Amino acid sequence: MKSTLVRDEQLRLRALEQYEILDTPADSALDDIARLAAQICNAPAVAIGFLDSDRIWFKSHPLWQTSEFARTAFPGDETLQDVNLYEIPDLSRNKRFGADGIEIDGSTYRFYAGAPLITPEGARIGLLCILDTVPRTLNEQQVLAMEVLSRQIVTRLELTTRMRTMDRVARTRQRVETALTVERNFVSAVLDTVGALVVVLDTAGRVVRFNRACEVISGYQVSDLMGQPLWQKLIPEEDVEDSIATFESIAQGNFPATFENFWRTREGSLRHIAWTATGLLDEQNEVAFIIATGIDVTLQREAEATLRESEARYRQLIEGSLGMVFTHAEDGTLISVNSYGAASLGYSIEEMVGRPLGDFVPEDEADSLGLYLREIGSSGEAKGELRLCHRNGDTHVLAYRNRLVRLDARTAYVLGFGIDITEKVRAEERLRVLRRQSDSILASVGDGILGIDLSGSITVANPAGAQILGYKPQDLLGLNLHDTIHHTRADGSPNPHEGSKIQEAVHLSEPVRVSDEIFWRKDGTSVPVDYVATPLLDDGEAVGVVVAFADTTARRELDRMKDEFVSTVSHELRTPLTSLRAALGMVASGVLQTRPDKARQMLDIAVGNTDRLINLVNDILELERIGSGKAELHQANVSIGELCHRAAELQQTSAAKAGIRFRFQIENVHAWADPDRVLQLLTNLISNAIKFSPEGSEILLAAHNEPDGEVCIQVQDQGRGIPEDKLELIFERFQQVDASDSRAKGGTGLGLAICRSIVQQHGGDIWVESALGRGSTFFFTLPSRPSSNLR
């Protein structure tokens, strides 16, 4: 972490040095941006600051006077820690700044928001910040504006730095050209025959010598000018003062000197002359004469002006291009690149020029770069897509069309133009992903989905819908939906196409929901469905319909089972309620006031039926709780022997009244189970065994380990037995061997259903083996160790 901070600090200081921010005059454009930020955010204070090693310098602070701050007294470092806006809604609540916030020029500010200034190379050099005297927050538009303006500041710094660099290059080039001109003029002074202009003046500026080249250029003879100051006839009036000043400077010993001026010829035209002048010294080492050699650069300067104009137009064309314009040698070394192309990869022009293209190509694309270079070398032209690495590691896709340009037999370069199509490629990839996701969603949806066009032909069919209808998805494509699955009503009458609810969705331009309909399968059978027909709209116009349908066979069967359950429960509730009402009615009427024994009997009947109702409701609730998963298991390693003895003890009173005894055959058996649930299960089975066992018989409780990791427990009675056709039904709700058992033996008819639910919740099985007249044996299994496959 420390090394990262040091590296970031070094990068930032290098960037400040590169941009020459701290040592340059104020930039009015930065003040304009700062004021715009203050106006957008409605803030009374705004500044643009840059951080050196220990202070923050405010390069632009149009709304306050302070120009610097210690880094520790201002939230600059925190702002540079993130690429997004950093905001302190209330500085007085921040431990660093205390209750008074930040004081600047006598004003106390309690709100701060700053956006980091990040260079294209990733250096965090400064910040754009606003302050307010009251706590607040910025809205989303203000945050976005601050981030955009911070990027504009960096762009301005980039532009200023680039212009400064270009100016230095231009001055350097001018000095080189001047040196060359001096050299040429010196040679011309020595070799008069070359045709250089040579003028010799005395210390008063009068013409002493005027060579032939000067006569040709000026149109004057030497006799016309001899003994006269040079500027009297040849120098335009507006340049005379500068010409005299130049001459006097040379005469005072400031030589050699180079300068340019204009000569006005005898015909009145202007010639642009470039001069080199030096002093000729006498024996006293004083200036006796001044000799100036010059050349006519009129055409050269005009050509240079034309060239500069052409270069400016070319540069404007290249730099204004929204593509990457570049040149490279035949071996792939970059010769030039426009700023847009370099910036699109996160580099400057200088960082790219001179490097091979391979430095910017992903490693796995090296072969494609080699193919490209061979193709353009052999055919002279190439086009396609090239993947280039951005500075941040992203891969950008460039669609290019390049051509080989040969200037001569030895000199050649490749002129390239590329468009960054990364977003297009990514959008296409996202579209492919979305299409795959859409296909996956359609494939995973359990309901049927069919898409049709305006003619009614099926264009989309998901696997679930095709399976419901007995088709393969591809077999449905192109078929007319109405003629295939919606042609006939449930009563066998034709279903006309004109009245179809599916077509109605197109005209209504809104979803149509239909219940209790039928669709027809491939085999000619019908399937009950509910469906929703939703129009597909494009700019408000229907272009098709999506039909989502669900097979309601299972739901209708569930409704039937619910109705049957409600009917059974109603019957089971009505019977004891009727008896209870009759008994209480007789007691309430007073007819049994003289017969207390009979009244007591009626009350006993009422109490018994009340208990029966309570047991029925409790059993229904318990069964529902187990079935819904609300009855959680608390499993542990439990002793089956202990649970069997506890269950027998709980039923000991009932067993004693019925003259029933218990016998145990239990090994050292343990199960992974909820002890309370297993005790409830054993109690129900023992209670049933007592009810249906004759007096003097016994109930056997046995358990043993199974080889497959399960425990088997059995409860055996010597009762009347269960008919074979009832062996499975007795575990259903409200199912009893004899309908009169609920009245004669008591019970709700839900005990065995609860037993089965408890066993299944543990992941086991329950069943019964019985023979009429010889008793019944109930078996159930439990896991002997923890398992992840419990049901």
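Residues numbered from 1 in each chain as written. Predicted model: local features only at pLDDT ≥ 70, side-chain atom pairs only at ≥ 80, totals over all residues. Heavy atoms only, no water.

A short note on the sheet that holds strand β11 (residues 257-264)
Thought 1: Reading across from one edge, β10-β9-β13-β12-β11 is the order of the five strands in this open sheet, with antiparallel pairing throughout. At either end of the open sheet lies a strand with only one pairing partner, and these are β10 (207-210) and β11. Strand-to-strand twist in this sheet, taken as the mean axis angle between neighbours without regard to direction, amounts to 30 degrees.
Thought 2: Here β11 runs beside strand β12 (residues 270-281); their pairing, made up of eight bridges, is antiparallel. Among the inter-strand pairings, T258 is bridged to a residue of β12, identified as T276.
Thought 3: Taken strand by strand, helix α7 (residues 240-251) contacts β9 (197-202), β11, β12 and β13 (287-296), and its axis lies near 130 degrees from that of β13. (Pairing = 2+ DSSP bridges. Helix = DSSP H or I, 4+ residues; strand = E, 2+ residues; numbered from the N terminus. Axes fitted to C-alpha atoms, helices over the stretch in contact; angles between N-to-C directions. Contact = heavy atoms within 4.5 Å.)

Observations concerning the packing of helix α21 (residues 675-691) against helix α23 (residues 751-762)
Thought 1: Between α21 and α23, the least distance of the axes is 10 Å, while the angle of their chain directions is 145 degrees. The element α21 and its partner α23 pack so that their crossing is left-handed. In this structure, α21 contributes R677, V678, Q680, L681, N684, L685 and N688 to the contact, and α23 contributes G751, L752, I754, C755, I758, V759 and H762.
Thought 2: Its residues placed into classes, the contact of α21 with α23 shows eight nonpolar, five polar and one charged. (Left-handed = near helix turned anticlockwise from the far one by under 90°. Nonpolar A, V, L, I, M, F, W, Y, C, P; charged D, E, K, R; others polar.)

Here we look at empty space enclosed by the protein
Thought 1: What the rule picks out here adds up to four cavities of 30 Å³ or more.
Thought 2: If you add up the space inside the largest cavity, you get close to 150 Å³.
Thought 3: The wall of the largest cavity is formed by 14 residues, among which L201, L230, F247, F259 and A292 lie closest to the centre.
Thought 4: Broken down by element, the residue count for the lining of the largest cavity peaks at four residues, all from α7.
Thought 5: Looking at the lining of the largest cavity residue by residue, the class counts come to eleven nonpolar, three polar and no charged.
Thought 6: One number sums up the size of the second largest cavity: a volume of about 40 Å³.
Thought 7: Lining the second largest cavity are I452, G456, N480, L481, H482, H497, S500, I502 and Q503.
Thought 8: Mapped onto the lining of the second largest cavity, the elements with two or more residues apiece are α15 (481-485) and α16 (501-508). (1 Å grid on protein atoms, 1.4 Å probe; cavity = no way out; pocket = protein on both sides within 12 Å on 5 of 7 lines; lining within 4 Å. Points joined across faces, edges and corners; volume = space filled by probe spheres on them.)

A word on the confidence of the model for the protein
Thought 1: Confidence in the prediction of the protein, expressed as mean pLDDT, is 81, and 82% of residues score 70 or more.
Thought 2: Strand β7 (residues 111-118) holds the highest mean pLDDT among the elements of the protein, 94, whereas helix α22 (residues 741-744) holds the lowest, 45.
Thought 3: Residue range residues 739-747 is modelled with pLDDT below 50. Its contacts to residues more than four positions away, or to other chains, number 14 contacts. (pLDDT = per-residue confidence, 0-100.)

Re the pairing of strand β19 (residues 448-453)
Thought 1: Most of β19 is tucked away: five of the six residues are buried.
Thought 2: Summarising the sheet, β19 and strand β23 (residues 541-551) pair through six bridges and their orientation is antiparallel. Counted as the bridge partner of L450 is V547 from β23.
Thought 3: In this structure, β19 lies alongside strand β20 (residues 458-461), joined through three bridges in antiparallel fashion. Following the sheet pairing, G451 is matched in β20 by V460.
Thought 4: Between β19 and the antiparallel strand that follows it, β20, lie four residues; G456 among them carries a positive phi value of about 95 degrees. (Buried < 20%, exposed > 50% of the residue type's maximum accessible area, 1.4 Å probe, protein only.)

Structural notes on the packing of helix α19 (residues 640-650) against α21
Thought 1: Direction vectors running N to C along α19 and α21 enclose 50 degrees, while the axes themselves pass 9 Å from each other. Classified by the angle between their axes, α19 and α21 sit oblique to one another. Viewed along their axes, α19 and α21 form a crossing whose handedness is right-handed. Side by side, α19 and α21 meet where L643, C644, R646, A647, A648 and L650 of the first sit next to P675, V678, L679, L682, T683 and I686 of the second.
Thought 2: Broken down by class, the residue content of the contact of α19 with α21 amounts to ten nonpolar, one polar and one charged. (Parallel < 35°, antiparallel > 145°, perpendicular 65-115°, else oblique.)

Focus on the pattern of salt bridges
Thought 1: Within the structure shown, the criterion is met by 27 salt bridges.
Thought 2: Of the charged contacts in the structure, one is a salt bridge between E78 and R96, with a shortest N-O distance of 2.0 Å. On the criterion of sequence distance, the pair formed by E78 in helix α3 (residues 76-79) and R96 in the loop between β4 (86-88) and β5 (102-104) is long-range, its members being 18 residues apart.
Thought 3: Here R96 falls in the partly exposed class, since its relative accessible area comes to 39%.
Thought 4: As a salt-bridge pair, D167 and R171 come within 2.0 Å of each other at their nearest N and O atoms. Remark: R171 and D167 occur in helix α4 (residues 140-190); sequence separation between them is four residues, near one turn of the helix.
Thought 5: Through salt bridges with shared partners, one network takes in E9, R12, R71 and D77. (Salt bridge = Lys/Arg side-chain N within 4 Å of Asp/Glu carboxyl O.)

Quick word on a nonpolar patch on the surface
Thought 1: On the surface, V208, L280 and F289 cluster together to form a nonpolar patch covering roughly 220 Å² of accessible area.
Thought 2: The topology assignment puts L280 in strand β12. (Patch = residues over 30% accessible without salt bridge, like charges linked within 9 Å, V, L, I, M, F, W, Y side chains within 5 Å. Areas by Shrake-Rupley, 256 points an atom, 1.4 Å probe, with all protein chains shown as cover.)

Structural notes on unusual backbone geometry
Thought 1: Cis rather than trans, the peptide bond between F255 and P256 has omega equal to -5 degrees.
Thought 2: Residue placement: P256 occurs in the loop between α7 and β11.
Thought 3: Of note, the phi angle at D105 is positive, near 55 degrees, even though the residue is not glycine.
Thought 4: Take D105: it is sitting in the loop between β5 and β6 (107-109).
Thought 5: Residues other than glycine seldom take positive phi values, yet D516 does so here, at roughly 55 degrees.
Thought 6: Tracing the chain through its elements places D516 in strand β21 (residues 512-520).
Thought 7: In this structure D516 comes out as exposed when scored by relative accessible area, which is 57%.

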